[in-house]
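Architecture and fold: a report
Chain by chain, the residues:
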Amino acid sequence: MVDTINLWSDLYILLSLFNYFNFMTKKALITGITGQDGAYLSNFLLKKGYKVYGAVRRTSSINTARLSDLGVLDKIELVTLDLSEITNIQRVIEKTEPDEIYNLAAQSFVQTSYEQPIYTSDIDGIGVTRILEIIRNMGGSPKFYQASTSEMFGKAQESPQNEKTPFYPRSPYGVAKLYSHWMTINYRESWDIHACSGILFNHESPLRGSEFVTRKISLGMAEIKNGKKDTINLGNLSAERDWGFAGDYVEAMWLMLQQKEPDDYVIATGQTHSVRNFTELAAKAVGIDIEWDINGLAERGICKKTGKIIISVDSSFNRPAETEHLLGDASKAERELNWKPTVNFESLVEMMVDHDLKRVEKGLVWF
Ligand code: NAP
Ligand code: G4F
């Protein structure tokens with residue numbers, strides 16, 4: 001009899017402890033979990049003890065390769081969510097009851113936005129309003145992070161760019177993101193929502209999609225080194241970007257939501273480099289010295305040792321309106337969030353090329 005009472009009281013204590021820890025565990029909902037930042041952010045939040053819900057949109061084959069690569073796929077709970085469908089978003093938020101929502105989902109490729117401007121506006125612009133409306137109807141919580149972008153500066157009106165620099169987007173993507181940036185601010189000011197907008201400059205990693213220029217180059221160099229390719233075709237070699245490491249930037253997203261007062265922050269390294277410069281370093285990382293040669297109007301990158309053409313310029317990669325120069329000033333984030341990048345440009349290029357060399361050698365290129 002006494003044993004039975006003890007068993008019940010032990011079970012009761014266990015259950016109470018379980019409920020207590022369950023209550024204490026913070027929950028995050030990440031949209032765009034299958035993308036580069038989704039993978040790094042879920043890894044970061046899991047290490048902080050969060051329960052992570054990852055929103056994936058329905059496709060014929062869901063791309064969880066990045067989550068597997070970081071070893072987090074079986075540690076998160078996947079839920080189906082498409083930013084085009086408000087009822088779907090609402091049900092997911094009601095079901096998961098997150099403390100924090102990180103909205104990383106987007107049609108994020110600038111070039112595609114010129115061909116799909118309406119779709120891009122719907123997902124990257126109105127999609128954000130859909131989430132904000134739901135949070136508003138829920139009385140102002142959960143906290144909300146919006147993935148804004150340096151592409152909003154476009155034809156930059158000053159250099160470096162900070163939170164006060166006027167915007168001048170140059171692509172449908174940039175325009176859609178600027179709309180959602182201001183909606184995030186508007187909902188914060190109108191409805192007392194803890195909503196932050198991170199104006200993140202380009203951030204890259206070995207998990208970057210291969211359509212973006214850095215990964216296209218690192219993968220291309222690894223293929224050239226392994227005799228699987230001769231030449232990489234690129235567009236505007238003079239475009240300049242402030243490139244950082246994605247793993248550093250997801251920490252800044254989290255830090256923003258931990259502040260007492262919600263605000264907007266530029267996240268950048270404070271250094272800018274041209275595509276040409278990235279290419280030279282990536283080539284060096286596979287043992288190729290490039291020299292540039294103007295052949296008529298077209299620039300070419302030639303291997304000094306063999307005379308082979310490694311880089312050729314293909315104008316089909318040029319944009320109808322280009323963002324020529326981006327350089328971020330993240331001093332507000334450094335001051336208020338105590339955030340600083342840890343990976344410099346040279347290490348980033350090396351890291352990306354190293355990973356791609358290993359993948360190409362093992363025949364393991366999956367995106
Ligand atoms: P990414 O790798 O292209 O990932 C985008 C994610 O959005 C993917 O998981 C994609 O799902 C998802 N998605 C696309 N359309 C969707 C829809 N209709 N409904 C739900 N999910 C959808 O992008 P990223 O580099 O990780 O960037 C994350 C966010 O930061 C994006 O909003 C991007 O615009 C912004 N940003 C990125 C940078 C950068 O340099 N990386 C800089 C500033 C801002 P699928 O896998 O199914 O395609
Ligand atoms: O790598 P990209 O395609 O990145 P872009 O356009 O800067 O956009 C990325 O960063 C934004 C932050 O500023 C994000 F919001 C956005 O979601 C995305 O992650 O192109 C970088 C530069 C451009 O100036 C482009 O014209 O590289 C130039 N470039 C030259 N040749 C090329 C190529 N870009 C691509 N994708 N492919 C080329 O062959």
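Here is a short report on the structure shown in this document. (Residues numbered from 1 in each chain as written. Chains lettered and ligands numbered in written order. Predicted model: local features only at pLDDT ≥ 70, side-chain atom pairs only at ≥ 80, totals over all residues. Heavy atoms only, no water.)

**A word on the environment of A268**
Our working definition: Helix numbers and strand numbers start at the N terminus; a helix is a DSSP run of H or I with at least 4 residues, a strand a run of E with at least 2. With a 1.4 Å probe rolled over the protein chains alone, any residue whose accessible area is under 20% of its type maximum counts as buried; one over 50% counts as exposed, and the rest are partly exposed. Residue contacts are counted whenever heavy atoms from the two residues lie within 4.5 Å of one another.
As for its position among the elements, A268 is in the loop between strand 11 (264-267) and strand 12 (273-274). What makes A268 buried here is its relative accessible area of 2%. A268 sits 23 residues away from F245 along the chain, and the two C-alpha atoms are 9.5 Å apart. Leave out the neighbours within four places in its chain, and A268 touches F201, D242, Y249, G328, A330, W339 and P341.

**What about the site of ligand 1?**
For the record, the criterion: A cutoff of 4 Å decides nearness: a residue is near a molecule or strand if any of its heavy atoms lies inside that distance of it. Pairs of N or O atoms within 3.5 Å make up the polar contacts considered here, provided that, within protein, one atom can donate a hydrogen while the other can accept it, and that residues adjacent in sequence are counted only when both atoms are side-chain atoms. For the area figures, the Shrake-Rupley method with a 1.4 Å probe applies, and any residue is considered shielded solely by the protein chains shown.
Around ligand 1 sit 25 residues, and of these T34, R57, S108, Y173 and K177 come closest. Separating an oxygen atom of ligand 1 from a backbone N or O atom of G32 is a distance of 3.3 Å. Within the contact set of ligand 1, a nitrogen atom lies 3.0 Å away from a side-chain nitrogen or oxygen of D82. Coverage of ligand 1 by the protein amounts to 89% of the 910 Å² it exposes when considered alone. Listing elements by their share of the shell around ligand 1, those giving two or more residues are helix 2 (36-47), helix 6 (117-137), strand 5 (143-149) and helix 7 (172-191). No other element matches the three residues that strand 5 contributes to the shell around ligand 1.

**Notes on the site of ligand 2**
For clarity, the cut-off: Here the term charged refers only to Asp, Glu, Lys and Arg, the term nonpolar to Ala, Val, Leu, Ile, Met, Phe, Trp, Tyr, Cys and Pro, and the term polar to all other amino acids, Gly among them.
Not every one of the 25 residues close to ligand 2 is listed here, only the nearest: T149, S150, Y173, R319 and E322. Between ligand 2 and the protein, one listed contact pairs an oxygen atom with a backbone N or O atom of E151 at 3.5 Å. Within the side chain of R241, one N or O atom sits 2.8 Å away from an oxygen atom of ligand 2. Surface burial for ligand 2 is 96%, taken as the share of its 710 Å² of free accessible area covered by protein chains. Residue assignment for the shell around ligand 2 shows that the elements contributing at least two residues are helix 8 (213-225) and strand 8 (232-234). Broken down by class, the residue content of the shell around ligand 2 amounts to ten nonpolar, eight polar and seven charged.

**Here's the deal with the packing of helix 2 against helix 9 (residues 246-258)**
Going by this rule: Orientation is described by axes fitted as lines to C-alpha atoms, over the contacting stretch for helices, and by angles from 0 to 180 degrees between their N-to-C directions. In this scheme the crossing of two helices becomes right-handed for a clockwise turn of the near helix relative to the far one and left-handed for an anticlockwise turn of less than a right angle.
Contact pair helix 2 / helix 9: the axes reach a minimum separation of 9 Å and the direction vectors enclose 65°. Viewed along their axes, helix 2 and helix 9 form a crossing whose handedness is right-handed. The segment helix 2 lies against helix 9, with Q36, D37, Y40, L41, F44 and L45 engaging A246, G247, V250, E251, M253 and W254. Here the residues of the contact of helix 2 with helix 9 are counted per class, giving eight nonpolar, two polar and two charged.

**Structural notes on the nonpolar core**
Note the following rule: Residues enter a nonpolar core if they are buried and are Ala, Val, Leu, Ile, Met, Phe, Trp, Tyr or Cys, with the set joined through side-chain atoms within 4.5 Å.
Core analysis: the biggest nonpolar cluster contains 74 residues, and L45, Y102, Y145, M221, M256, I267 and W339 have the highest contact counts within it. The element best represented in this core is helix 9, accounting for nine residues. Excluding residues that lie within four positions of it along the chain, W339 makes contacts with D248, Y249, E251, A252, L255, I267, A268, A330, A333 and E334. Of all hydrophobic cores here, the second largest spans 22 residues; its members include V128, F144, M183 and Y187.

**Some thoughts on the sheet that holds strand 11**
Just so we agree on the cut-off: Here, strands pair whenever DSSP counts at least two bridges between them.
Across the sheet, seven strands lie side by side as 3-2-1-4-5-6-11; this open sheet has parallel pairing. Strands with a single pairing partner mark the edges of an open sheet, and in this sheet they are strand 3 (77-80) and strand 11. The mean angle between the axes of side-by-side strands here comes to 20°, regardless of whether they run parallel or antiparallel. The sheet contact formed by strand 2 (residues 51-56) and strand 3 spans four bridges and is parallel.

**So, the pattern of salt bridges**
Spelled out, the test is: Any carboxyl oxygen of Asp or Glu that lies within 4 Å of a side-chain nitrogen of Lys or Arg is treated as forming a salt bridge with it.
What the rule picks out here adds up to 16 salt bridges. With its nearest N and O atoms 3.9 Å apart, the salt bridge here joins R241 to E322. With R241 in strand 9 (residues 240-241) and E322 in the loop between strand 15 (309-313) and helix 11 (331-337), this pair connects stretches of sequence that are 81 residues apart. E322 shares its class with R241; the two are buried. Close ionic contact of D356 with R359 constitutes a salt bridge, the shortest N to O distance being 3.2 Å. Of this pair, D356 and R359 both sit in helix 12 (residues 345-362), three residues apart, roughly one helical turn. For the pair D356 and R359, one class covers both residues: buried. Members of the salt-bridge network, linked through shared partners, are R215, D356 and R359.

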